[in-house]
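# Residue-level structural notes
Listed here are the chains, written in short residue letters.
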Amino acid sequence: MGEKILMKGNEALAEAAILAGCRHFFGYPITPQTELAAYMAKRMPKLGGTFLQAESEVAAINMVLGAASAGVRTMTSSSSPGVSLKSEGVSYLAGSDLPCLIINVQRGGPGLGGIQPSQADYWQATKALGHGDFQIFVFAPSTVQEMVDLVNQAFDLADEYRMPAMILADGMLGQMMEPVEIPEVSELKLKDKPWATNGHKNSREHNIINSLYMQPEDLEQTIRDRFARYDDAKAKHQVFESYLTEDADIVVVAYGASSRISRSAVEQARELGIKAGLFRPITLWPFPNDELYKLAGSAKKFLAVEMSMGQMVDDVRLAVNGRKPVEFFGRTGGVIPTPAEVLEQIKKLAGGDR
Amino acid sequence: MAVVFEKPHALTNVPTHYCPGCTHGIVHRLVAQVLDELGVEGRTVGVAPVGCAVFAYNYFNCDMIQSPHGRAPAVATGVKRALPESVVFTYQGDGDLAAIGTAETVHAAARGENITIIFINNAIYGMTGGQMAPTSLPGQVTQTSPYGRDVKTQGHPIRVCEMLSSLDGVALAQRCSVDTVKNVNATKQAIKKAFQYQIEGKGCTIVEVLSTCPTNWGLEPNEALDWLRENMMPYYPLGVYKDAAEEENNG
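Residues numbered from 1 in each chain as written. Chains lettered and ligands numbered in written order. Predicted model: local features only at pLDDT ≥ 70, side-chain atom pairs only at ≥ 80, totals over all residues.

Proteins that are soluble and globular tend to have nonpolar side chains buried together. Grouped together as the largest cluster of nonpolar side chains are 188 residues, with contacts concentrated most on Leu101, Met147, Val151, Ile167, Val252 and Ile346 of chain A together with Ile206 of chain B. Residue assignment places this core across two domains, with domain 1 (4-236) and domain 2 (241-351) of chain A each supplying three or more. Isoleucine 346 of chain A has contacts with Ile250, Val252, Ala265, Ala269, Ile274, Ala276 and Leu303 of chain A, leaving out every residue within four places of it along the chain. (Core = buried A, V, L, I, M, F, W, Y, C linked by C-beta atoms within 7 Å. Buried ≥ 20, exposed ≤ 12 C-beta atoms within 10 Å, placed from the backbone. Domains from an automatic or database assignment. Contact = placed C-beta atoms within 7 Å.)

Laid out in structure tokens, this is it:
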């Protein structure tokens, strides 16, 4: 067991990546993820690694593409407007079957938006982080400890499935300090990457990293192959936490920062005698459809709570598939909902039943 | 019988897709010959652009990456930082390098990334069918400058070697041409020097090669070579714009 120390979310993400064997970080300054890059700038030179402040987010993600092609664990981090700039590179990474880690410490949008915490990039992360048919892994931690734990998992799954992975955090989690236990890593077992363009050393055919296919049938086949891997990931890696959902009439569905607020509201509702529970997706892609569908058998109503105008709620409705009503409550633009506001919504839904 | 010429090992044995009279093929061969002569193919990673040379990944025998448009110097940076012992080169056209990828080019050069940039300047977008490039000449007629490039509204051509030569991170900036045997040989020497400087860790090296695009210039291959000599060479003079080794000697 490692020691327990107090860490800021952004710094915990950085340290976790280092523990996971990442030695190549490429970024560009943006609030509210700056501590992550600053941490890397301090640590990487001492580890013989790379910290490179690129000329733009576009360049940073393409440096990640180069390092990923070379076969190393590599990452970038940014916040909402910067992640939009990375979308070109993410599409190429996905199309070239390259693993990497992208961190989005979300802030309010659209446009320059604001710098306060937000969850308004859910659609971008899970549906369309670039042009073309593709998915990436998306993990949503809700504590600093979980940030540490998910980073390693994200790197492992990215390598296993040869696809980019994202940690979708927000300004609140990034800036928050909590005690964390940094796991002791004795020896990393990294997956072999025989496909890497790391020099053939005159001992194999040349490797090519590429996303271009001039024949539509060839391109279609690569996409179908990739989607078969996605199906496998969907079957094996839907991760969630259920809290008091077993006998719950009202199930609040929330991830990340809004799940912390929702948990308080659920506990307060229980004190009022309302059978409320919390379902917290930890993987946003693959979304934990199966468990949510099961819950639709026992729960009476669902309430999605987000720091946006309602994005994840689409996936909740798809999972529940019309079996039960799904309502939404959210604040956006960097406004954080209060437990009292969420409780009010739970009471409203419960009231309808009585 | 003595072999006087053979295909370099660093070129794959496939036909290229380049048009008749296009000089990409010559420059590919020169790069491959240099990789052979330096014995570095096994530790070389090449980065192909978007544009006519996009399929370069099929033509070079070393490991290859196909980059997003203009981002080759950033991709090359990622490779080189991950594998400092590797030899990394980008092969880019004028639209890729001097328009959409200007920032990536300038900053890779400013950082002194130990990479080699092979820059094909043919004053036009070839792959997309002959649009105005950042290096199209004043008055040059293209699909998107049908009345000739008007510098008042369409701006002035960029002289890349001159621009990059002001940066401390650049170890070699040289403009060459492959219009004559003599110039082909000089280009090969420049490319070889660029790779040698990279291997010695001297900094970013760029070799610009004035090239022809008979198809989109609407000229016969011979006429295209004449056009290059008469129009491109005066605007883009051949020469060494920066050479770190010479500066060291002179300093």
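So, about the interface of chain A and chain B. Counting residues at the interface gives 33 residues for chain A and 27 residues for chain B. For the side of chain A that touches chain B, the secondary-structure elements that each account for two or more residues are strand E2 (24-27), strand E3 (50-53), helix H3 (57-69), helix H4 (80-95) and strand E9 (208-209) of chain A. With 9 residues, H3 of chain A is the largest single contributor of residues to the side of chain A that touches chain B. Here the side of chain A that touches chain B is composed, by residue class, of 14 nonpolar, 16 polar and 3 charged. As paired elements, E9 of chain A and strand E2 (residues 63-66) of chain B share 2 bridges and run parallel to each other. Note that in E2 of chain B the partner of isoleucine 208 of chain A across the bridge is methionine 64 of chain B. (Helix = DSSP H or I, 4+ residues; strand = E, 2+ residues; numbered from the N terminus. Nonpolar A, V, L, I, M, F, W, Y, C, P; charged D, E, K, R; others polar. Pairing = 2+ DSSP bridges.)

Our next topic: the sheet that holds strand E15 (residues 326-330) of chain A. Whether parallel or antiparallel, the strands of a sheet pair through hydrogen bonds between backbone atoms. Residues and elements named next belong to chain A. Taken in spatial order, the 5 strands line up as E10-E12-E11-E14-E15 in an open sheet, and their pairing is mixed. The open sheet has two edge strands, strand E10 (240-243) and E15, and neither has a second partner. Averaged over all adjacent pairs, the angle separating strand axes in this sheet is 20 degrees, with direction ignored. Pairing geometry for strand E11 (residues 250-253) and strand E12 (residues 276-281), over 4 bridges, is parallel. Within the sheet, the bridge partner assigned to valine 253 lies in E12 and is phenylalanine 279. Packed on one face of the sheet, helix H9 (residues 256-271) meets E10, E11, E12 and strand E14 (301-306) and runs near 165 degrees to E12. Lying on the sheet, helix H12 (residues 339-351) is in contact with E11, E12, E14 and E15; it crosses E14 at an angle near 165 degrees. (Axes fitted to C-alpha atoms, helices over the stretch in contact; angles between N-to-C directions.)

Within the open sheet, the 8 strands sit side by side as E9(A)-E2(B)-E1(B)-E3(B)-E4(B)-E6(B)-E5(B)-E7(B). Their pairing is mixed. Pairing within the sheet leaves two strands with one partner each, and these edge strands are E9 of chain A together with strand E7 (239-243) of chain B. Sheet topology places strand E3 (residues 87-93) of chain B next to strand E4 (residues 116-121) of chain B; 5 bridges connect them, and they run parallel. Within E4 of chain B, the residue paired with glycine 93 of chain B across the bridge is isoleucine 120 of chain B. Against the sheet, helix H8 (residues 181-199) of chain B engages E3, E4, strand E5 (170-177) and strand E6 (204-210) of chain B, with an angle of about 165 degrees to E5 of chain B.

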